[in-house]
Amino acid sequence: MSTYAGDRTTGFASPAADAVEGPINLSEVLDLRRPSRYPVRVRGATFAARGILDGDVLIADTAAQAKGGDLVVASASGTAILAELRANKGQWWLISGDDSHTPIRVDPAQDVEIWAAVTGVVREKP
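This section reports on the structure supplied with the text. (Residues numbered from 1 in each chain as written. Predicted model: local features only at pLDDT ≥ 70, side-chain atom pairs only at ≥ 80, totals over all residues. Heavy atoms only, no water.)

1. Focus on the side chain of Ser-36
Consideration 1: Within the secondary structure, Ser-36 is located in the loop between α1 (26–30) and β1 (37–41).
Consideration 2: Of the residues examined, Ser-36 reaches a relative accessible area of 12% and is grouped as buried.
Consideration 3: Looking at Ser-36, its side chain comes within polar contact range of the side chain of Asp-61, at 2.8 Å.
Consideration 4: With near-sequence residues (within four places) excluded, Ser-36 lies in contact with Ala-60, Asp-61, Thr-62 and Ala-63. (Helix = DSSP H or I, 4+ residues; strand = E, 2+ residues; numbered from the N terminus. Buried < 20%, exposed > 50% of the residue type's maximum accessible area, 1.4 Å probe, protein only. Polar contact = N/O pair within 3.5 Å; in protein donor to acceptor, adjacent residues only side chain to side chain. Contact = heavy atoms within 4.5 Å.)

2. Observations concerning the pattern of salt bridges
Consideration 1: Going through the model one piece at a time under the given rule, you end up with nine salt bridges.
Consideration 2: Across the pair Arg-41 and Glu-124 runs a salt bridge whose closest N-O atoms are separated by 2.9 Å. Separated by 83 residues along the polypeptide, Arg-41 in strand β1 and Glu-124 in the segment after β7 (112–122) bring together distant segments of the chain.
Consideration 3: When its relative accessible area of 41% is taken as the criterion, Arg-41 is described as partly exposed.
Consideration 4: Residues Asp-56 and Arg-123 are paired through a salt bridge, measuring 2.7 Å at the closest nitrogen-oxygen approach. Linking Asp-56 in the loop between β1 and β2 (57–61) with Arg-123 in the segment after β7, this pair joins segments that are 67 residues apart in sequence.
Consideration 5: Of the residues examined, Asp-56 reaches a relative accessible area of 2% and is grouped as buried.
Consideration 6: Among the residues examined, Arg-123 registers a relative accessible area of 47% and is labelled partly exposed. (Salt bridge = Lys/Arg side-chain N within 4 Å of Asp/Glu carboxyl O.)

3. Describing the layout of surface pockets
The probe, sized like a water molecule, is rolled over the atoms to show the empty space still left.
Consideration 1: Volume-wise, the largest pocket comes out at about 410 Å³.
Consideration 2: Taken together, 23 residues form the lining of the largest pocket, with Thr-46, Ala-80, Ile-81, Leu-82 and Ala-83 sitting closest to its centre.
Consideration 3: Element by element, the count of residues in the lining of the largest pocket is highest for strand β4 (residues 79–88), at four residues.
Consideration 4: Among the residues forming the lining of the largest pocket, the class breakdown is 15 nonpolar, six polar and two charged. (1 Å grid on protein atoms, 1.4 Å probe; cavity = no way out; pocket = protein on both sides within 12 Å on 5 of 7 lines; lining within 4 Å. Points joined across faces, edges and corners; volume = space filled by probe spheres on them. Nonpolar A, V, L, I, M, F, W, Y, C, P; charged D, E, K, R; others polar.)

4. Focus on the sheet that holds strand β6 (residues 104–105)
Consideration 1: Here seven strands make up an open sheet; going across it, the order is β1-β2-β7-β3-β4-β5-β6 and the pairing antiparallel. The strands lining the two open edges of the sheet, one partner per strand, are β1 and β6.
Consideration 2: The pairing of β1 with β2 spans five bridges and is antiparallel. By the bridge assignment, Tyr-38 is partnered in β2 with Ala-60. (Pairing = 2+ DSSP bridges.)

5. Some thoughts on the environment of Asp-107
Consideration 1: With respect to the helices and strands, the residue Asp-107 is situated in the loop between β6 and β7.
Consideration 2: Separated by 14 residues in sequence, Asp-107 and Trp-93 have C-alpha atoms that sit 9.0 Å apart.
Consideration 3: A polar atom in the side chain of Asp-107 sits 3.2 Å from the side chain of Arg-105.
Consideration 4: A polar side-chain atom of Asp-107 sits 3.0 Å from the main-chain amide nitrogen of Ala-109.

6. Brief notes about the packing of aromatic side chains
Two aromatic rings, taken as a pair, are described by how far apart their centres are and by the angle between their planes.
Consideration 1: Within this structure, the stated rule accounts for one aromatic pair.
Consideration 2: The interplanar angle of 40° and the centroid separation of 5.5 Å between the aromatic rings of Tyr-38 and Trp-115 together place this pair among those described as tilted. Of this pair, Tyr-38 sits in strand β1 while Trp-115 sits in strand β7, and the two are 77 residues apart along the sequence. (Phe/Tyr/Trp six-rings, centres within 6.5 Å; stacked < 30°, edge-to-face > 60°.)

Given below as structure tokens:
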């Protein structure tokens, strides 16, 4: 079987040739060289409705300022969890993606803290 090099195309030039993008460097796009960015693998399908599937790799940024509606990686009683951050009556809450867990109030005094905001998702080919 031969390989296609792209330099021996015959016929008319494609009108889309002007829109061809160069190689994409995922390291640059995800900016993983920043000391605050970490890849985190998802276990479970709690956020499938938001397009986050079991086995996906999230890019978590510990320096990013999380805001309402963001997905965050948090710690609750020493357990790492993925949750949606929501504000309610002046307090921040961690909400499960499928309502399978009771909302948890963010409170460092109760050992519930936000560790990082999710800034990207990578899905490996199965």
